[in-house]
Amino acid sequence: MKPEFTAQARREIKRICKRRVLENWGRCVGIQFLYMLPFVLLVLLMYAVLFGRVIALVMAGNTDDYVLTMALAQGLNSMWIILCIMLLVSGPLTFGMMRFYVAMQRGEEPHVGTLLTPFTSLRSAWTGIKMVFCLWFRSFLWMVGPAVVYTVLSIAMTVNAAISGDPNAMNVPLTILYILFMLAMIPVQLKVMTYQAGWALLYDDETRSVWDATREASAAFKGQFGKLFVFVLSFLGWMILTIGVAYLCVGLGMAGLFVVQGGTGIAIFALCCIAALCLLVLLGAFTNTYQMTSFFGMHEFLCMPPVQPQGMPPVDSWPGQDDGTG
């Protein structure tokens, strides 16, 4: 008989994962920073490649539309190279990040260098690339149907309103359609989320098929979507806190900019933006690691093999749990 994933089990998983994250908060911040750094640099490089020639021509006094358009077209051609590099980098980096989460959930002590572990092996790097593409493709397959239905209905309603001569008549129906679409996407997003647990299977065996890993990982959540939805909602407070603190700092900076004005106001705004960025990194690192380690904990709990009633483990026992002494 398989243990049931109850509210007690969820709280126990979150309690242990939260403690582990707090004990390794510095590592969590460090690995989140290192993970985002290459993408930030690549985005800046992409903008430089895309608009660099145009800005240089404008600063040189060239205002010929044809010349500027050709410069922008050259930037677009080069941008694909940056996007390919980003794809090649994102796979191994994401694999390294997920290895960090899985190891922490299992009570190990992963270091920041875990992020770069997939780059030390061509097979690991290729596994990360395949997994990222597999997750994207599975997401596309699940989302394309609702998206097509929503797009067709919204276009049909807009055309019907235009023919009737009252474009505003469809505002309310379009709003209702959009709300229904967003509600329909909730189970789709939950299904897509279950595929993420495939990273834990690849952590144990990199040679297995990424398609099979995502399929087997998702199968563990069969019949548990309601509990998974509650699990996701249980982190809503941390998400609101993280975003709210950042917006509060920016709001204070805007107030200082308009109330104080002058150089002092600009300085206050800059300091508040820096504070918002720092707090966003700190709280974001905690929230992301807390949620992902707990998610992998839930997956491993659901993957526990059935046992006989007389040998059933406690509801708060699952792979990766410790006895509270670690």
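Use the structure listed above.
Because the structure is a prediction, the values reported are computed rather than measured.

**Remarks on the layout of surface pockets**
- Taken as a whole, the largest pocket holds about 470 Å³ of empty space.
- Around the largest pocket, the lining is made up of 19 residues, and of these Gln-32, Phe-33, Met-36, Val-281 and Asn-288 lie nearest the centre.
- Residue contributions to the lining of the largest pocket peak at eight residues, all from helix α10 (residues 262–302).
- Its residues assigned to classes, the lining of the largest pocket shows 14 nonpolar, five polar and no charged.
- Here the second largest pocket is characterised by a volume of approximately 230 Å³.
- Every residue along the wall of the second largest pocket is listed here: Ile-186, Gln-189, Leu-190, Met-193, Gln-196, Phe-229, Val-232, Leu-233, Met-239, Gln-291, Met-292 and Phe-295.
- Among the secondary structure elements, those contributing two or more residues to the lining of the second largest pocket are α5 (171–195), α8 (225–233) and α10.
- The leading source of residues in the lining of the second largest pocket is α5, at four residues.

**Regarding α5**
- Here α5 contains 25 residues, and its C-alpha end-to-end distance of 36 Å stays within 8% of the 36 Å for a straight helix at 1.5 Å per residue.
- At Ile-186, α5 shows its strongest bend, of approximately 30°, with the proline Pro-187 following within four residues.
- Residues of α5 that are buried: Leu-177, Phe-181, Met-185, Val-188, Leu-190, Lys-191, Val-192, Met-193, Thr-194 and Tyr-195.
- In this structure, the buried residues of α5 make contact with α4 (122–164), α6 (198–204), α7 (210–219), α8 and α10.

**Observations concerning the side chain of Thr-293**
- If you trace the backbone, Thr-293 turns up in helix α10.
- On the basis of relative accessible area, Thr-293 is assigned to the buried category, the value being 1%.
- From its side chain, Thr-293 meets the backbone oxygen of Tyr-290 in a polar contact 3.2 Å long.
- The contacts of Thr-293, once residues within four sequence positions are left out, are Cys-17, Val-21, Tyr-101, Met-104 and Gln-105.

**Details of the nonpolar core**
- The biggest cluster of nonpolar side chains holds 58 residues, and the ones touching the most others in it are Trp-199, Phe-221, Leu-228, Phe-295 and Phe-296.
- Broken down by element, the residue count for this core peaks at 13 residues, all from helix α3 (residues 65–105).
- Excluding its chain neighbours within four sequence positions, the residues that come into contact with Phe-296 are Met-98, Tyr-101, Val-102, Gln-105, Gln-196, Ala-197, Trp-199 and Ala-200.

**Some thoughts on the packing of helix α1 (residues 7–23) against α10**
- Orientation of α1 relative to α10, taken along the N-to-C sense of each, is 135°, at an axis distance of 9 Å. Classed by the angle they form, the pair α1 and α10 counts as oblique. The chirality of how α1 crosses α10 is right-handed. Between α1 and α10, the contacting residues are Ala-9, Ile-13, Lys-14, Cys-17, Lys-18, Val-21 and Leu-22 on the first element and Phe-286, Thr-289, Tyr-290, Thr-293, Ser-294, Gly-297, Met-298 and Phe-301 on the second.
- Taken together, the residues of the contact of α1 with α10 break down into nine nonpolar, four polar and two charged.

**Description of a nonpolar patch on the surface**
- The grouping of Val-172, Ile-176, Tyr-178, Ile-179, Leu-180, Met-182, Leu-183, Ile-186, Phe-229, Leu-233, Leu-236 and Ile-240 at the surface amounts to a nonpolar patch, some 1,100 Å² of accessible area in total.
- Mapped by element, the contributors of at least two residues to the nonpolar patch are α5, α8 and α9 (236–259).

**Some details on the packing of aromatic side chains**
- On inspection of all chains with the given rule, the structure shows 18 aromatic pairs.
- Between Phe-235 and Tyr-290, the aromatic rings sit 5.0 Å apart at their centres with planes inclined by 75°, giving edge-to-face as the arrangement. Residue Phe-235 is located in the loop between α8 and α9, and its partner Tyr-290 is located in helix α10; the two are separated by 55 residues in the primary sequence. Each member of the pair, Phe-235 as well as Tyr-290, carries the same accessibility label: buried.
- Seen from their ring centres, Trp-238 and Tyr-290 are 6.3 Å apart, and the 85° between their planes marks the pair as edge-to-face.

**Some details on the pattern of salt bridges**
- Tallied over the full model, the rule gives eight salt bridges.
- A salt bridge links Glu-23 to Arg-19; the nearest nitrogen and oxygen atoms lie 3.1 Å apart. Highlighted residues: Glu-23 and Arg-19, both in helix α1, separated by four residues, approximately one helical turn.
- Residue class for Glu-23 comes out exposed when judged on its relative accessible area of 51%.
- Where Arg-106 meets Asp-204, a salt bridge forms, and the shortest distance between an N and an O atom there is 2.7 Å. Remark: Asp-204 occurs in helix α6 and Arg-106 occurs in the loop between α3 and α4; sequence separation between them is 98 residues.

**Side note on the side chain of Ser-294**
- If you trace the backbone, Ser-294 turns up in helix α10.
- Among the residues examined, Ser-294 registers a relative accessible area of 0% and is labelled buried.

**A short note on the environment of Gly-107**
- Position of Gly-107 among the secondary structure elements: in the loop between α3 and α4.
- Spatially, the C-alpha atoms of Gly-107 and Val-259 are 50 Å apart, while their sequence positions differ by 152 residues.

What counts and what doesn't
Residues numbered from 1 in each chain as written. Predicted model: local features only at pLDDT ≥ 70, side-chain atom pairs only at ≥ 80, totals over all residues. Heavy atoms only, no water. 1 Å grid on protein atoms, 1.4 Å probe; cavity = no way out; pocket = protein on both sides within 12 Å on 5 of 7 lines; lining within 4 Å. Points joined across faces, edges and corners; volume = space filled by probe spheres on them. Helix = DSSP H or I, 4+ residues; strand = E, 2+ residues; numbered from the N terminus. Nonpolar A, V, L, I, M, F, W, Y, C, P; charged D, E, K, R; others polar. Expected span 1.5 Å × (residues − 1). Bend = angle between axes of the 7 residues up to and from the residue. Buried < 20%, exposed > 50% of the residue type's maximum accessible area, 1.4 Å probe, protein only. Contact = heavy atoms within 4.5 Å. Polar contact = N/O pair within 3.5 Å; in protein donor to acceptor, adjacent residues only side chain to side chain. Core = buried A, V, L, I, M, F, W, Y, C linked by side-chain atoms within 4.5 Å. Axes fitted to C-alpha atoms, helices over the stretch in contact; angles between N-to-C directions. Parallel < 35°, antiparallel > 145°, perpendicular 65-115°, else oblique. Left-handed = near helix turned anticlockwise from the far one by under 90°. Patch = residues over 30% accessible without salt bridge, like charges linked within 9 Å, V, L, I, M, F, W, Y side chains within 5 Å. Areas by Shrake-Rupley, 256 points an atom, 1.4 Å probe, with all protein chains shown as cover. Salt bridge = Lys/Arg side-chain N within 4 Å of Asp/Glu carboxyl O. Phe/Tyr/Trp six-rings, centres within 6.5 Å; stacked < 30°, edge-to-face > 60°.

Such coordinate-based values are descriptive only and should not be taken to indicate function.
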